[in-house]
Amino acid sequence: MLAAFLLGFLPACSLTASKSGKGLKTQNVVIVVIDGPRYSETWGNTPGLIPNMSTVLKPKGVFLSNFLNDGFTYTNSGHAAITTGVNQPIDNYGEEFPANPSIFQYWLKQTGKPATAAWLVTSKDKLHILANTTDSLWHDQFLPSVNSGVNGPGTGYRADSLTLVEAKRILTEHKPNLMLINFMEPDGFAHAGNQAYYIRGIYRSDRYVQDLWDFLSKDEHYRKSTALLVTNDHGRHLDGIDGGWQEHGDNCKGCQQISLLALGPDFKKGAEPETPYTLVDIAPTVGKLLGFKMDSTVVVPRLDTTVVAVAADSTLAVPAKDSLVVVRSMEKSVLKGRVIRDLFKEGMLP
Ligand SMILES: [Zn+2]
Ligand SMILES: [Zn+2]
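Note that residues are indexed from 1 along each chain, following the sequence as it is written. As they are written, the chains are lettered A onward and the ligands numbered 1 onward, keeping that order. Since the coordinates come from a predicted model, pLDDT governs what is reported: local features require at least 70, and pairs of side-chain atoms require 80 or more to be given and counted, while whole-chain, interface and lining totals use all residues.

A. Representation of the overall build of the protein chain. Secondary structure elements are defined from DSSP: runs of H or I of at least 4 residues count as helices, runs of E of at least 2 residues count as strands, and each element is numbered from the N terminus. Scanning the protein chain from terminus to terminus reveals 10 helices and 10 strands. Taken over 350 residues, the protein chain has a buried fraction of 47%. Contacts in the protein chain between residues far apart in sequence, at least 24 positions, make up 73% of those at least 6 positions apart. In this scheme every C-beta is placed from the backbone, and a residue whose C-beta has 20 or more other C-beta atoms within 10 Å is buried, one with 12 or fewer is exposed, and one in between is partly exposed. What counts as a contact here is a pair of residues whose C-beta atoms, placed from the backbone, lie within 7 Å.

This is how it looks when you write it as structure tokens:
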């Protein structure tokens, strides 16, 4: 009686909004990050090394070719841009949490679900940092579950084949609503200068994405209610720039150009919009899909080299080396990411 009374006075939208985006079918989101392939070895030359994604999966979803990491083109920063919607400089060895809360935390806070409802499953052990934040209001709260590297932080990179096995095991066992998977082999072998294995890594990642989509499409819990987003954290240098395909990290076209392939019950099929989007647009899009809103105010760490004042009686003509210090400051900013509207079927978004 009381419940019926309350329901009658609640705005209709709040009922659906609490479970997923208003009027949307998506209940689960799986993000796959293929770490650091260069566009010219993937979507720039199809079917080539990615026959599954380019011929089987692409017609089932939306492909964005005009998709960039226009922030910091290295692993932890690219991944943090995906999970927090903010481009920030960050330690790349797994020693620093992102400055802002993640989509995992927003989702767990909003739903009150246990940590097993959101997962990080990453070949690179250093990506455990994506689970937490330095934001004092969110630090150590609403943390997702982590399955990273060989056996957690500091244990080394894990083979992608094993990461796929772990991802499917966790999906079966815990039925999470949100998962980010990192496949590291293209990047790892490129840094090692092993071109054959770099290429093999891309080829295998393509196969793993297909395998995962087949799994999600057959699974009773995930079929027809799951969005799959396949992207990259960064590309690699164009030929002739600083080591070419072996390295990355600057703002050359090769490092910035990545891609997004999106499949799901609320997305268009066979669309290839040319609207430009960037990595920070993924987080608010996941928010739209799962029905949570991110704070519009964010912080961005800024690193400055500051010369410390030299004592008045100093006879040094130039400051001594140790008088140069890196000062870290937090700058307030606004969330720049926006929902990738081009993914959604006509009329799905207001
Ligand atoms: Zn990377
Ligand atoms: Zn570059």
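The structure having been displayed, the exposition proceeds.
B. Fine view of unusual backbone geometry. Of note, the amide linkage connecting Thr-46 to Pro-47 takes the cis form, showing an omega dihedral of 0°. Counting through the fold element by element, Pro-47 comes out in the loop between strand 1 (28–34) and helix 3 (51–57).

C. Quick look at the sheet that holds strand 3 (residues 118–122). By definition, two strands form a pair when at least two bridges between them are found by DSSP. Pairing within the open sheet is mixed, and its eight strands lie in the order 4-3-5-1-6-7-2-8. What marks the edges here is a single partner per strand, and that holds for strand 4 (145–148) and strand 8 (277–278). Relative to strand 5 (residues 178–183), strand 1 runs parallel, the two sharing six bridges. Pairing of Ile-31 across the sheet is with Leu-180, part of strand 5.

D. Focus on helix 8 (residues 195–218). Here the expected length of a helix is defined as 1.5 Å per residue gap, with one fewer gap than residues. Under the 1.5 Å per step criterion, the end-to-end length of helix 8 is 35 Å for 24 residues, consistent within 8% with the ideal 34 Å. All buried positions along helix 8 are accounted for by Tyr-198, Gly-201, Ile-202, Arg-204, Ser-205, Asp-206, Tyr-208, Val-209, Leu-212, Trp-213 and Leu-216.

E. Main features of the nonpolar core. Core analysis: the biggest nonpolar cluster contains 80 residues, and Val-29, Val-32, Trp-107, Ile-181, Leu-228, Leu-229 and Ala-262 have the highest contact counts within it. Apart from residues lying up to four places away in sequence, Leu-228 is in contact with Val-30, Val-32, Trp-213, Leu-216, Leu-263 and Gly-264. For the purposes of this analysis, a nonpolar core is taken to be any set of buried Ala, Val, Leu, Ile, Met, Phe, Trp, Tyr and Cys residues that are connected through C-beta atoms within 7 Å.

F. Inspection of helix 10 (residues 282–290) at higher detail. Most of helix 10 sits out of view: nine of its nine residues are buried. Of all the residues in helix 10, the buried ones are Ile-282, Ala-283, Pro-284, Thr-285, Val-286, Gly-287, Lys-288, Leu-289 and Leu-290. Looking at the buried side of helix 10, the elements it contacts are strand 1, helix 4 (75–84), helix 5 (103–111), strand 5 and strand 6 (226–231). At the exit of helix 10 stands Gly-291, carrying a positive phi of roughly 80°.

G. Up close: the packing of helix 5 against helix 10. Here an angle of 0 to 180 degrees is reported between the N-to-C directions of two axes, which are lines fitted to C-alpha atoms, with helices fitted over the stretch in contact. Running from N to C, helix 5 and helix 10 point in directions that differ by 20°, and their axes come no closer than 10 Å. Regarding the angle of helix 5 to helix 10, the classification is roughly parallel. For the crossing formed where helix 5 meets helix 10, the hand is right-handed. Residues Ile-103, Tyr-106 and Trp-107 of helix 5 lie in contact with helix 10, whose contacting residues are Ala-283, Val-286, Gly-287 and Leu-290. For the contact of helix 5 with helix 10, the class distribution of residues is six nonpolar, one polar and no charged. An angle counts as roughly parallel when it lies under 35 degrees, as roughly antiparallel when it exceeds 145, as roughly perpendicular when it falls between 65 and 115, and as oblique in every other case. In this scheme the handedness of a crossing depends on how the near helix is turned from the far one: anticlockwise by less than a right angle means left-handed, clockwise means right-handed. Gly is put with the polar residues, along with every residue not named as nonpolar or charged; the nonpolar set is Ala, Val, Leu, Ile, Met, Phe, Trp, Tyr, Cys and Pro, and the charged set is Asp, Glu, Lys and Arg.

H. Layout of the environment of Val-230. When you line up the elements, Val-230 lands in strand 6. Classification of Val-230 as buried rests on a count of 26 C-beta atoms within 10 Å. Remark: the alpha-carbon pair of Val-230 and Asp-206, spanning 24 residues in sequence, is separated by 9.9 Å. For Val-230, the residues in contact, after removing those within four places along its chain, are Val-32, Ile-34, Met-53, Val-209 and Leu-261.

Read these as spatial facts, not as claims about activity.
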